[in-house]
Amino acid sequence: MIKTYSLKRDGSTQLSPHFRVREFAEPGNDKILIDSKLIDQLEALYARLDCSKIVITSGYRTDRNASRHAEGRAADINCWHMENGKEIRYQGQPILLAAEDVGFTGIGWIAGSVTSRAAVHIDTRDTPYRF
């Protein structure tokens, strides 16, 4: 179910053990849509990878090309885990495979650039899609 939140009013609301409303906010926009299925699957991914943290690099967005982001059904993420006492960022493949295992239907790799880090796109669309 997709719920509508206000960053001002609900930003600190805990959606699950590891995620708050504000993490899905678009800069400069008070309105945030979030699919509860997205949160459930993010928590499953967190557990599957034994993450130390998952950072939402992009959640709800209103731009025309945002597709599932504009529906509140998508997030671009980076995941970290602990290895030999150090926090290490997972690279794409383990996240992509685990995302499929926990039931995300939309999964894609976003290559990094000079101005942005690589990320994994995950979403709760109705039919499977990979990119």
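Treat the numbers as computed from the prediction; the structure is a model and nothing was measured. Positions within a chain are numbered from 1, following the residues in the order the chain's sequence is written. With pLDDT at 70 or above as the cut-off, local features in this predicted model cover only qualifying residues; side-chain atom pairs require 80 or more to be listed or tallied, and sums for whole chains, interfaces and linings still use all residues. Neither water nor hydrogens contribute to the side-chain values; these are computed over all heavy atoms in the structure.

Draft legend 1. The packing of aromatic side chains, seen in detail. To pair, rings of Phe, Tyr and Trp, with the six-membered ring standing in for Trp, must have centres within 6.5 Å; the planes then decide the type, stacked if under 30 degrees apart, edge-to-face if over 60, and tilted in the middle. Applying the stated criterion across every chain, the model contains 3 aromatic pairs. With a centroid separation of 6.5 Å and 90 degrees between ring planes, the pair formed by Phe19 and Tyr46 is classed as edge-to-face. Linking Phe19 in strand S3 (residues 19-20) with Tyr46 in helix H2 (residues 36-49), this pair joins segments that are 27 residues apart in sequence. Throughout this description, buried means an accessible area under 20% of the type-specific maximum (1.4 Å probe, protein chains only), exposed means over 50%, and partly exposed covers the range between. On the basis of relative accessibility, which here comes to 0%, the residue Phe19 falls in the buried class. With relative accessibility at 12%, the residue Tyr46 sits in the buried group. In textbook terms, an aromatic cluster arises when at least three aromatic residues are bridged by ring pairs, as seen for Phe19, Phe24 and Tyr46. The aromatic ring of Trp80 is capped on one face by Lys53, whose charged end is 4.7 Å from the ring centroid. Secondary structure elements are defined from DSSP: runs of H or I of at least 4 residues count as helices, runs of E of at least 2 residues count as strands, and each element is numbered from the N terminus. Only when the NZ atom of a Lys or the CZ atom of an Arg is both within 6 Å of the ring centre and within 35 degrees of the ring normal do we say a charge sits over the ring.

Draft legend 2. Highlighting H2. Along its 14 residues, H2 runs 20 Å from first to last C-alpha, staying within 8% of the 20 Å computed at 1.5 Å per residue. Among the residues making up H2, those that are buried are Leu38, Ile39, Gln41, Leu42, Glu43, Leu45, Tyr46 and Leu49. Distance and chemistry together define a polar contact, namely a pair of N or O atoms within 3.5 Å, with one atom able to donate a hydrogen and the other to accept it when in protein, and with adjacent residues in sequence counting only for side-chain atoms on both sides. Measuring from the backbone nitrogen of Lys37 back to the side-chain oxygen at the start of H2 gives 3.1 Å, which picks out Asp35 as the cap. A positive phi of about 50 degrees marks Asp50, the residue just after H2. One fewer than the residue count of a helix, multiplied by 1.5 Å, yields its expected span.

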